[in-house]
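Residue strings, one per chain:
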Amino acid sequence: MKSSLQSRITSSLFVLPYLLSFCAFLLIPILYGIYISFHNFELLSDSHKFVGFDNYVKIFTPGTYLYDSFFNGLWNTLQFVLYSVPLLVILGLALAILLNQLPKRIRGLFRTFYFMPYAISGSVMAVIWLMMFDTNAGFLNGLLAKMHVDPVAWLTDLPWVWVSLVLTTLWWTIGFNMIIFTNALNEVPEDYYEAASIDGANAWKKFVSITLPSIRPVMLFIIITSTIASFNVYAQPFLLTRGGPGDSTKVLLMNVLDEAFKGKQVGSASAMAILMALIIIIISAVQYKIAYGRKE
């Protein structure tokens, strides 16, 4: 009995650092953010009046500044999610499959090569791609000039701004998805493929009937994490396009921060952030339901 109690205490001590970090950096800020969202919380004022659901009501009242700011930002964010997430998942899986076809002695080199961009900061990423996308002296327009093609305003015209943001995101983050998919593919038993080969299955049939079902939990994980990351997009549009042209790439997180630090209205900004979090939770739940809700 004493040994069992000591074991539980020891196990709890291992969990304690994570639990404290979870409370300090996630749970408490979330609860405090919800508290702030129910107040007229001006950043430079000592008086924070309780207003109940007024901040939320303003967000859903057409014609108000908060309504336009929230839903325009949400629409731009949804566009980015729809453009980027399918490519992050499909190309990440494709790279993982191609990587597994390489000889083992060079596989690690290519894995490192593709993963390296994921390790750099957003500011470094922006500097690299600003030089690539610059209209007058950028590398891409330099290539187009050599092919006698007119330069493209990558960062100032639609739809090229979205193309630029998605390309940048793919280069910056796809290495993470590739690594996760690579590990998942390596866990699929070779016996399954050998049995399928004996039955005369081709490569596509093996992929659909063996690979995809075997890596479904990992696929769901990649889809959900990519969706959450794309919803929280900030560095790419802020550093590359500044939300332009006009406000066409000004995503929701940019509007939340503007409301909090430029408008000094932390209460309404918190309400926008809480609603954004709820939308992410709902979308993630729907994705999980689609993947696991049906009966096998």
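Quick look at the structure, then. (Residues numbered from 1 in each chain as written. Predicted model: local features only at pLDDT ≥ 70, side-chain atom pairs only at ≥ 80, totals over all residues. Heavy atoms only, no water.)

**Thoughts on the packing of aromatic side chains**
Following the criterion strictly, the structure yields 18 aromatic pairs and no others. Taking 5.7 Å as the distance between ring centres and 70° as the angle between the ring planes, the aromatic pair formed by W129 and W171 counts as edge-to-face. Of this pair, W129 sits in helix α5 (residues 122–133) while W171 sits in helix α7 (residues 160–186), and the two are 42 residues apart along the sequence. Taking relative accessible area as the criterion, W129 reaches 10% and is therefore assigned buried. (Phe/Tyr/Trp six-rings, centres within 6.5 Å; stacked < 30°, edge-to-face > 60°. Helix = DSSP H or I, 4+ residues; strand = E, 2+ residues; numbered from the N terminus. Buried < 20%, exposed > 50% of the residue type's maximum accessible area, 1.4 Å probe, protein only.)

**Focus: the side chain of N100**
Relative to the assigned elements, N100 resides in helix α3 (residues 65–101). Within the local environment of N100, its side chain forms a polar contact with the side chain of N186, the two groups lying 3.4 Å apart. Beyond its immediate sequence surroundings of up to four residues, N100 is in contact with R107, T182, L185 and N186. (Polar contact = N/O pair within 3.5 Å; in protein donor to acceptor, adjacent residues only side chain to side chain. Contact = heavy atoms within 4.5 Å.)

**Examining the environment of I282**
With respect to the secondary-structure elements, I282 resides in helix α13 (residues 266–292). Taking relative accessible area as the criterion, I282 reaches 54% and is therefore assigned exposed. For the pair I282 and C23, spaced 259 residues apart in sequence, the C-alpha separation works out to 23 Å.

**Here's the deal with the pattern of salt bridges**
Inspection of every chain in the model, using the stated rule, returns two salt bridges. A salt bridge links D258 to K250; its shortest N-O distance comes to 2.8 Å. Using a relative accessible area of 17% as the deciding quantity, one classes D258 as buried. Salt-bridge contacts for K262 lead to D258; the nearest nitrogen and oxygen are separated by 3.8 Å. On the criterion of helical spacing, the pair formed by K262 and D258 is a turn pair, its members being four residues apart in helix α12 (residues 252–262). (Salt bridge = Lys/Arg side-chain N within 4 Å of Asp/Glu carboxyl O.)

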